[in-house]
Amino acid sequence: MSLDLMTRRATRRDWAALVVLMLPVLLVSVDNTVLSFALPEISSGLAPTGAQLLWIVDVYPLMLAGLLIAMGSLGDRLGRRRLLVTGATGFGVVSLMAAFSPGAETLIALRALQGFFGAMLMPSTLSIIRNVFADANERRLAIAVWAAMFSGGAALGPVLGGWLLQHFWWGSVLLINVPVVALFVPLALLFVPESRDPRPGPVDPASIALSLVTMLPAVYGIKHLAHAGVDDVTAACFAAAGLFGTLFVRRQARSATPMLDVGLFRDRVFAGSVVANLLSLMALTGFLFFGAQILQLVIGLDPVASALVLVPGLIATVAAGFAAVALVRRFPARVLVTSSFAASAVGYALVAFAGTPTVASVLIAFVVMGAGIGMAETLTNDLVLSHAPAHRAGAASAISETAYEIGAVLGTAVLGSVVTATYRSQLGEGHETLGATLEHAATLPDHVGAALAESAKAAFGLGVQYSAGVAILVALAAALISWRTLPDHSPTGR
């Protein structure tokens, strides 16, 4: 790469392209969490089982995680803008269909299709940023905007969902994607430049297939382990993922033009940043999974009031992402990211040890956690891209996004399943979800229904405390990994 390209400053058109790229970022990140606030209404409207309720949330990030590596590689080869526009169009059409799902099974299937098209969006946005912004400081600011929208979008999902649910039916939280897609597609064709690997190898169907049969059973195995423990299904999933993953890595290592440059993981900073990225999103999505239910079903707030409780945390997430751009010039990334995970641990500690949850405890916990996650997302994504060559931006972005989506799956699968398992153990089989139990309690005589409702809320609260305890351990482990792998000096720019 020439010195001129390395030092080229961004133009107004480049910054306009960044603004346009924030639309698909918001689409995917909002859809990761927007259903959190709709879970009570989905429970009563579609009557899903406890497993189906988790699948409604999980299948979307599951498909994203399974397909991101393949889509990132295709974007490098076929054109990142082309893949971005194709994915956005499909995403909008499927969202329209999902909003009117007649049953839980249909909604799960359409959420899977959303994940398929969503996987075309995310690697393209981050890799285009890597190629458009050559100056290190400008790129870091652009990534801060991207990370702020990603983390902020994840937090905005429940806020927006809460307002919509106050005025419309649960499908409205998916219908909002349609006008965003209609706005994005023509703007992308006008402002976003096309880019691809200048020396692409041929599309490798065998590598694409191996990446799918590695990621899908791996992520499903994690989910099944959290829900059912170690059984034949868990063992089979991990065995399949291990076998096909080994074949995938060997094929990439022997290829002259690999779909995924596995050598990137030999860089300690790259590998540590990917892991930190994964664990930060696990903390966020786990909190949102049970936080929405605490506010509505335990504390008794309506959807709009519940959403407003999360607004300060949303602001903290976005503000911390931008603050990271200035702070990293003075403090090592290792110190900042480690501190961000310590903040996540403190946020969960407020949930675990504050006793009966209140509006204040949930609000403060989310502010503390949001500040930490906003900073971690900006810095880890910048480190991932800055430690990968520009022509491999799609593949590197896909790795970062895969970590994000696996973190989202782990957040709802592991932490959500701890809540569900504790809830069932306290109330017994037949009580799948808190929302369904409260609906049933409302049909019983007053004293019987009130007693069941109180028992259900207490059981759910205990599950939240156990889940928060697990999250604290995860956050502390992430802090240790960050301290040992990330740079111990302030960057001077790449």
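Thresholds, definitions, all that
- Residues numbered from 1 in each chain as written.
- Predicted model: local features only at pLDDT ≥ 70, side-chain atom pairs only at ≥ 80, totals over all residues.
- Heavy atoms only, no water.
- Helix = DSSP H or I, 4+ residues; strand = E, 2+ residues; numbered from the N terminus.
- Rg over C-alpha atoms; globule rule 2.2 N^0.38 Å.
- Contact = heavy atoms within 4.5 Å.
- Areas by Shrake-Rupley, 256 points an atom, 1.4 Å probe, with all protein chains shown as cover.
- Polar contact = N/O pair within 3.5 Å; in protein donor to acceptor, adjacent residues only side chain to side chain.
- Axes fitted to C-alpha atoms, helices over the stretch in contact; angles between N-to-C directions.
- Parallel < 35°, antiparallel > 145°, perpendicular 65-115°, else oblique.
- Left-handed = near helix turned anticlockwise from the far one by under 90°.
- Core = buried A, V, L, I, M, F, W, Y, C linked by side-chain atoms within 4.5 Å.
- Buried < 20%, exposed > 50% of the residue type's maximum accessible area, 1.4 Å probe, protein only.
- Patch = residues over 30% accessible without salt bridge, like charges linked within 9 Å, V, L, I, M, F, W, Y side chains within 5 Å.
- Salt bridge = Lys/Arg side-chain N within 4 Å of Asp/Glu carboxyl O.
- Expected span 1.5 Å × (residues − 1).
- Phe/Tyr/Trp six-rings, centres within 6.5 Å; stacked < 30°, edge-to-face > 60°.
- Nonpolar A, V, L, I, M, F, W, Y, C, P; charged D, E, K, R; others polar.

## Describing the overall build of the chain
A tally of helices and strands in the chain yields 18 helices and zero strands. For the chain, the C-alpha radius of gyration of 22 Å lies close to 23 Å, the compact-globule estimate for 494 residues. Structurally, the chain occupies a C-alpha span of about 75 × 45 × 45 Å along its principal axes. For the chain, the proportion of contacts with a sequence separation of at least 24, taken over those separated by at least 6, is 85%. As presented, the chain carries roughly 18000 Å² of accessible surface, and 68% of it is formed by carbon and sulfur atoms.

## So, the side chain of Thr-125
Assignment of secondary structure puts Thr-125 in helix 6 (residues 104–132). Side-chain polar atoms of Thr-125 contact the side chain of Trp-146, separated by 3.2 Å. In this structure, Thr-125 is in contact with Leu-21, Pro-24, Val-25, Leu-84 and Trp-146, ignoring residues within four places of it in sequence.

## Quick notes on the packing of helix 4 (residues 50–78) against helix 6
Across the interface, helix 4 lies against helix 6 with an axial gap of 7 Å and an inter-helix angle of 30 degrees. Of the possible angle classes, the one that applies to helix 4 and helix 6 is roughly parallel. The two elements helix 4 and helix 6 cross, and the hand of that crossing is right-handed.

## Quick word on the nonpolar core
A general trend in soluble globular proteins is that nonpolar side chains are found buried together. Core analysis: the largest hydrophobic core is formed by 145 residues, its most contacted members being Ile-42, Ile-129, Trp-146, Phe-287, Phe-290 and Tyr-348. Those residues in contact with Ile-42 that lie beyond four places of it in its chain are Leu-35, Ala-47, Pro-48, Leu-53, Ile-56, Leu-107 and Trp-170.

## Notes on a nonpolar patch on the surface
Taken together, the side chains of Leu-96, Phe-100, Trp-163, Phe-168 and Trp-169 present a nonpolar region at the surface, about 540 Å² in accessible area. Looking at the secondary structure, you find Phe-100 in the loop between helix 5 (80–98) and helix 6. On the basis of relative accessible area, Phe-100 is assigned to the exposed category, the value being 53%.

## Concerning helix 11 (residues 232–254)
Across its 23 residues, helix 11 extends 33 Å between first and last C-alpha, which sits within 8% of the 33 Å expected from 1.5 Å per residue. What helix 11 keeps buried is the set Thr-234, Cys-237, Ala-241, Gly-245, Phe-248 and Gln-252. Taking the backbone nitrogen of Val-233 as reference, a side-chain oxygen 3.1 Å away marks Asp-231 as the first, capping residue of helix 11.

## Things to note about the packing of aromatic side chains
Tallied over the full model, the rule gives five aromatic pairs. Aromatic pair Trp-15 and Phe-133: ring centres 4.7 Å apart, planes at 55 degrees, arrangement tilted. In this pair, Trp-15 is assigned in helix 2 (residues 12–33) and Phe-133 in the loop between helix 6 and helix 7 (136–167), connecting sequence segments 118 residues apart. Their ring planes at 85 degrees and their centres at 5.4 Å tell us that Phe-265 and Phe-270 sit as a pair that is edge-to-face. By relative accessible area, Phe-270 is classed as buried at 0%.

## Let's talk about the packing of helix 17 (residues 434–441) against helix 18 (residues 446–485)
To describe two helices that pack against each other, one gives the angle between their axes and the distance between the axes. Relative orientation of the contacting elements helix 17 and helix 18 amounts to 170 degrees, with a least axis distance of 8 Å. On the basis of their axis angle, the class for helix 17 and helix 18 is roughly antiparallel. From helix 17, Leu-434, Thr-437, Leu-438, His-440 and Ala-441 reach across to helix 18, where they touch Gly-449, Leu-452, Ala-453, Ala-456, Lys-457 and Phe-460. Each residue belonging to the contact of helix 17 with helix 18 can be placed in one class, and the counts come to seven nonpolar, three polar and one charged.

## A look at helix 14 (residues 333–353)
Here helix 14 contains 21 residues, and its C-alpha end-to-end distance of 30 Å stays within 8% of the 30 Å for a straight helix at 1.5 Å per residue. Taken from the residues just after helix 14, Gly-355 is the one with a positive phi, measuring 80 degrees.

## Quick look at the environment of Gly-153
Within the element layout of this structure, Gly-153 appears in helix 7. With a relative accessible area of 0%, Gly-153 lands in the buried category. Expressed as a C-alpha distance, the spacing of Gly-153 and Val-20, which sit 133 residues apart in the sequence, is 15 Å.

Functional significance is not addressed by these values, which are geometric in nature.
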